[in-house]
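Remarks on the overall topology
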Amino acid sequence: MDLTSLITRCETKLGEAGVASPRVDAELIISHVLKIPRRELYLDPHLKPGKSQVEEIERMVDRRARRVPLQVIVGTCEFMGIEFKIEKGVFIPRPETEVLVETIVEACKPLRSSPVILDIGTGSGVIAISLAHLLRLSRVVATDISPLAVKLARENAIINGVGDVVTFVIGDALEFFKPGSEFFDVCVCNPPYVRSDEIRLLEPEVRDYDPVIAIDGGGDGLRFFDRIIPQIASVLKRGGLVAFEIGFDQAQEVKMMLEEGGFGEVSVIKDLAGRNRVLMGKRL
Ligand code: SAM
Ligand code: GLN
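This is a predicted model, so every value here is computed, not measured. Along each chain, numbering runs from 1 in the same order as the chain's sequence is written. Here every chain gets a letter starting at A, and every ligand a number starting at 1, in the order they are written. With the structure being a predicted model, the display of local features is reserved for residues of pLDDT at least 70 and the display and counting of side-chain atom pairs for 80 or more, all residues being used for whole-chain, interface and lining totals. Side-chain figures throughout are based on the complete set of non-hydrogen atoms in the structure, without hydrogens or water.

**Structural notes on the site of ligand 2**
Nearness of a residue to a molecule or strand requires only that one of the residue's heavy atoms be within 4 Å of it. Around ligand 2, the neighbouring residues are Phe-91, Arg-94, Glu-96, Asn-190, Pro-191, Pro-192, Tyr-193, Val-194, Val-206 and Ile-215. Throughout, the Shrake-Rupley method with a 1.4 Å probe supplies accessible areas, and for residues the shown protein chains are the sole cover considered. Considered on its own, ligand 2 offers 300 Å² of accessible surface; in the complex 88% of this is hidden by protein.

**Regarding the packing of helix H1 (residues 3-16) against helix H2 (residues 22-34)**
Running from N to C, H1 and H2 cross one another at 130°; their axes reach a closest spacing of 8 Å. Taken as axis vectors, H1 and H2 run oblique relative to one another. Considering only the axes of H1 and H2, their crossing is right-handed. The residues of H2 that touch H1, namely those facing Leu-3, Leu-6, Ile-7, Thr-8, Cys-10, Glu-11, Leu-14 and Gly-15, are Pro-22, Arg-23, Asp-25, Ala-26, Glu-27, Ile-30 and Leu-34. In this classification, Asp, Glu, Lys and Arg are treated as charged, Ala, Val, Leu, Ile, Met, Phe, Trp, Tyr, Cys and Pro as nonpolar, and every other residue, Gly included, as polar. For the contact of H1 with H2, the per-class residue count stands at 9 nonpolar, 2 polar and 4 charged. In this description, a line fitted to the C-alpha atoms serves as the axis of each element, helices being fitted only across the stretch in contact, and the angle between N-to-C directions of two axes falls anywhere from 0 to 180 degrees. Numbered from the N terminus, helices here are DSSP runs of H or I no shorter than four residues, and strands are runs of E no shorter than two. Working definition: roughly parallel below 35 degrees, roughly antiparallel above 145 degrees, roughly perpendicular at 65 to 115 degrees, and oblique for all remaining angles. A crossing counts as left-handed when the near helix is turned anticlockwise from the far one by less than a right angle, and as right-handed when that turn is clockwise. Whether two residues touch is decided by their heavy atoms; if any such pair falls within 4.5 Å, the residues are in contact.

**A word on the pattern of salt bridges**
Side chains that differ in charge, positive against negative, can pair when their charged atoms come close. Should a side-chain nitrogen of Lys or Arg be within 4 Å of a carboxyl oxygen of Asp or Glu, the pair is scored as a salt bridge. What the rule picks out here adds up to 25 salt bridges. In this structure, the salt-bridge partner of Glu-155 is Lys-85, at a minimum N-O distance of 2.4 Å. You can see Glu-155 sitting in helix H7 (residues 147-159) and its partner Lys-85 sitting in strand S2 (residues 82-85), a full 70 residues away along the chain. When salt bridges with common partners are traced through the structure, they connect Asp-25, Arg-64, Arg-67, Glu-203 and Glu-205 into a single cluster.

**Structural notes on the site of ligand 1**
Taken together, 21 residues are adjacent to ligand 1, and Gly-121, Asp-144, Asp-172, Ala-173 and Asn-190 come closest. The term polar contact refers here to a pair of N or O atoms within 3.5 Å; inside protein, the definition further demands a hydrogen-donor-capable atom paired with an acceptor-capable atom, and it admits residues adjacent in sequence only when both atoms are side-chain atoms. A distance of 2.9 Å separates an oxygen atom of ligand 1 from a polar side-chain atom of Asn-190. Summarising the interface, the protein chains cover 96% of the accessible area of ligand 1, which totals 590 Å² for the free molecule. Looking at the shell around ligand 1, the elements that each hand over two or more residues are helix H6 (126-134), helix H9 (212-215) and helix H10 (223-235). Counted by class, the shell around ligand 1 contains 11 nonpolar, 7 polar and 3 charged residues.

**Describing the nonpolar core**
Grouping buried Ala, Val, Leu, Ile, Met, Phe, Trp, Tyr and Cys residues that are joined through side-chain atoms within 4.5 Å yields what is termed a nonpolar core. Per-residue accessibility, obtained with a 1.4 Å probe over protein chains only, is compared with the maximum for each type, and a residue is labelled buried under 20%, exposed over 50%, and partly exposed between these values. Ranked by size, the top nonpolar core spans 60 residues in total, and within it Ile-30, Ile-57, Ile-104, Ile-117, Leu-131 and Val-166 carry the most contacts. Excluding residues that lie within four positions of it along the chain, Ile-104 makes contacts with Ile-117, Leu-131, Val-186, Val-188 and Ala-243. Residues Phe-224, Ile-228, Ala-233 and Met-257 belong to the second largest nonpolar core, which totals 31 residues.

Right under this line is the structure:
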């Protein structure tokens, strides 16, 4: 079978299964198995996958049709142009979170000395590692309550050459840190923020694969913010920055929580779809 009809066949199967971007996912699975970049799939009209490659592609497409996330199937994902290892049991990074990273990169560019950054709930490590990389940081601390996440994040830091820059801590929120230590210049967090009763409404890839603890923000979705804002205030230097990813409808409430917690100059940043996605503020 030639490549174009293979791509179309896979696309149809994924489309029928309700996968959101069937063509892209078909191309990504095929390029993964053939070990060629996706953009090169259409360059060589004579490219013909071997029998065992077609079988492997079909096995992966079948899994994807059963709504296993693409990143779990191929074992990697790209975030800020960097490749990360992904494993079942750890939150799969989202493209929206790149807005959070870009916001911090822009805010830190004018600084004369290298800021010390804390990433709370680091998951696979994408935020901490891409910041270390993009800002050429000398010190980042990343925490998560999940030992599985910290193990994967540590591997990702080593793979991406920042293993000696990022220090990982397994712990519940910021319980580990001495209150009042005022150590960090920037605190960043993509917390669990989905309302508990809305989790069952999410796509199967999210509902069945992201750990509940990674997305469950309690009855109002704001439980984690409520807990960590005072903790952040006690480990962040005066004038230091806090940046959160938020749900599209949470900007007003989280802004108020920040202002009540001793933060000011709070700004809201939108994602590519035009929804409120990031909040940044300064410790007064
Ligand atoms: N930072 C990663 C990203 O953006 O892809 C992961 C974000 S995920 C939405 C939230 C993360 O917070 C999960 O990795 C979860 O394990 C972690 N988490 C949940 N509750 C926590 C707690 N009490 N203390 C520390 N981390 C927690
Ligand atoms: N963006 C995720 C979702 O709705 C939620 C991430 C989070 O809770 N931080 O699928």
